[in-house]
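In case you want the letters, here they are:
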Amino acid sequence: MAIIATISSSPSVPSRTDAVLDYVTKVLGSHGHTVTPIVLRDLPAEPLLRGRADHPEIAAAAAVLETADAVVVTTPVYKAAYSGLLKVFLDLLPQYALKGKTVLPLATGGTPAHVLVIDYALRPVLTSLGAGSIGQGWFVLSSHVRLYDGGGLLLDPTASVPLYQVTRSFLAAVAGEPTVESAPVQVAAVEAVRARPEDPESAPLLADLVVEYTPRYGQTNENTQLTEVPSSDFHAERDGAFVLLRYCGQTLAGGALRRYDEHTAEVKQMWTSHLHRRQGLGRRVLAELEAAAVDLGYRSLYLTTGPRQPEAAALYLAAGFEPQFDVEADPESIGPLAFRKELPASNDVALKVAS
Ligand SMILES: Cc1cc2nc3c(=O)[nH]c(=O)nc-3n(C[C@H](O)[C@H](O)[C@H](O)COP(=O)(O)O)c2cc1C
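Worth saying up front: this structure is predicted, and the values here are computed from it rather than measured.

Reading guide: rules and limits
Residues numbered from 1 in each chain as written. Predicted model: local features only at pLDDT ≥ 70, side-chain atom pairs only at ≥ 80, totals over all residues. Helix = DSSP H or I, 4+ residues; strand = E, 2+ residues; numbered from the N terminus. Buried ≥ 20, exposed ≤ 12 C-beta atoms within 10 Å, placed from the backbone. Contact = placed C-beta atoms within 7 Å. Pairing = 2+ DSSP bridges. Axes fitted to C-alpha atoms, helices over the stretch in contact; angles between N-to-C directions. Parallel < 35°, antiparallel > 145°, perpendicular 65-115°, else oblique. Left-handed = near helix turned anticlockwise from the far one by under 90°. Nonpolar A, V, L, I, M, F, W, Y, C, P; charged D, E, K, R; others polar. Near = placed C-beta within 6 Å. Core = buried A, V, L, I, M, F, W, Y, C linked by C-beta atoms within 7 Å.

Chemist: Can you walk me through the overall build of the protein in this structure?
Modeler: The helix and strand tally for the protein stands at 12 helices and 15 strands. Counting only C-alpha atoms, the protein reaches 75 × 40 × 35 Å along its principal axes. Here the protein, with 355 residues, has 38% of them falling under the buried criterion. Sequence-distant contacts in the protein: of pairs separated by 6 or more residues, those separated by 24 or more amount to 69%.

Chemist: Any chance you could explain the sheet that holds strand β10 (residues 241-247) here in plain terms?
Modeler: Strand order in the open sheet made by the 7 strands is β9-β10-β11-β12-β13-β15-β14, with mixed pairing throughout. At either end of the open sheet lies a strand with only one pairing partner, and these are β9 (191-194) and β14 (322-323). As paired elements, strand β13 (residues 300-305) and strand β15 (residues 337-342) share 6 bridges and run antiparallel to each other. Note that in β15 the partner of T304 across the bridge is A338. Its contacts with the sheet put helix α9 (residues 281-295) on β9, β10, β11 (250-259), β12 (264-272) and β13, and the angle it makes with β11 is roughly 35°. Sheet strands touched by helix α10 (residues 310-318): β12, β13, β14 and β15. Its angle to β13, the strand with the most contacts, is close to 160°.

Chemist: Just to check I follow, could you spell out the packing of helix α1 (residues 16-30) against helix α6 (residues 157-174) for this structure?
Modeler: Axes are the key here: two packed helices are described by the angle between their axes and the distance separating the axes. With their axes 10 Å apart at the nearest point, α1 and α6 run at an angle of 50° to one another. On the basis of their axis angle, the class for α1 and α6 is oblique. α1 and α6 meet at a crossing whose hand is right-handed. For the pair α1 and α6, contact is made by V20, Y23, V24 and V27 and by S160, L163, Y164 and T167, respectively. Residue composition of the contact of α1 with α6, by class: 6 nonpolar, 2 polar and no charged.

Chemist: Before we go on, may I ask you to explain the site of the ligand in this structure?
Modeler: Around the ligand, 17 residues are found, and the nearest of them are S10, T17, P76, G109 and S142. Listed by contribution, the elements that provide at least two residues to the shell around the ligand are α1 and β4 (102-109). Per-element tally for the shell around the ligand: the top contributor is α1, with 3 residues. Classifying every residue of the shell around the ligand gives 4 nonpolar, 10 polar and 3 charged.

Chemist: Is there a simple way to explain the nonpolar core in this structure?
Modeler: Buried together is how nonpolar side chains tend to be arranged in soluble globular proteins. V20, V24, V71, V72, V103 and L163 are the most contacted members of the largest nonpolar core, which has 53 residues in total. Residues within four places of V72 in sequence aside, it is in contact with I4, T6, I7, L21, V24, L104 and L106. In terms of nonpolar packing, the next biggest core, distinct from the first, is built from 31 residues, V267, W271, L303 and F321 among them.

Chemist: How should I be thinking about the environment of A287 in this particular structure?
Modeler: Note that A287 resides in helix α9. Looking at A287, the number of C-beta atoms within 10 Å reads 14, which means it is partly exposed. As for A287 and G135, which are separated by 152 residues in sequence, their C-alpha atoms are 38 Å apart.

Chemist: What exactly am I supposed to notice about unusual backbone geometry here?
Modeler: Cis geometry is found at the peptide bond from V13 to P14, where omega equals -5°. Along the chain, P14 falls in the loop between β1 (3-8) and α1. One non-glycine residue, C248, adopts positive backbone phi at about 50°. Its location among the elements puts C248 in the loop between β10 and β11. With a phi close to 55°, Q269 is a non-glycine residue in the positive phi region. Structurally, Q269 is set in strand β12.

Structure follows, in structure tokens:
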């Protein structure tokens, strides 16, 4: 596994650039890499401005870079360039401080007109510092990053999906593997399989959900770690089900259900890989879970989703679930958002299939 240094170069707190980096850090960690952060605004200002590379804290930051296999460099766009804080730090480094390292450049900015800052301003200096390979960077519009009071962040899918993809491609470059592509799947060839949470095929689903939840809610608890429900609740012998969508040996999406009450099953752990969103896979998982619930004799489905999962709420509404809350209200003021859906009786389904 690699040691990956991250450079945070916004002077602001809270920082949208740091929020983007937080998300990327979770992805890196979920793939087993060690992440060592360098937060430039926490370095002593005077030695930084005076170019004192021998100051112990600055030397320690440079040493973190030296020992890293790869580096994520992040910056807000200021005055059509990378931040001054990043500039003073890069100026302190030896000429080839990034020699042989794989680098992922990321920026946030207020206007898409400045998306080229990564390639026009940042990439040349990273090249000059000897970076071995500089992957495709990504520019996130600051309006696509929502920060919550008290911690937590929500990235618009137009930001989080490509950000996930460039991060995976960066990791592939670090490992010397081919770039991860997110080509559309052949939907007809996607297979729905019944599994258990303990199966190796389920691991991407469970790992990715933790990555998804932790930055959004800004905390680690039973909900974000998926430990609030024992995984045995999803076993068939306990009237549960765990469905995965598999394609070419990969797990693309999945979901689970467990007993909620005598006639109701609760849907949990709904997930679609970031590399395969917007292809109807979430709807397919729900349809498979509905069929499983009917087979198990349930008459209705119940679920809750968090207030910071607008894409999940949209999926449930589109799939015919009835919201049990005021859809006009701010989800943050509600907390968990409950949905319900009545199911056809199993003999109705059999008749429909036969006709
Ligand atoms: C002093 C200053 C200059 C900025 N200049 C630009 C700019 O030239 N182009 C742009 O797209 N955004 C510009 N912005 C907007 C920031 O890039 C954007 O809000 C960014 O997400 C801030 O990141 P942060 O919260 O990590 O500091 C500027 C913001 C500040 C405070």
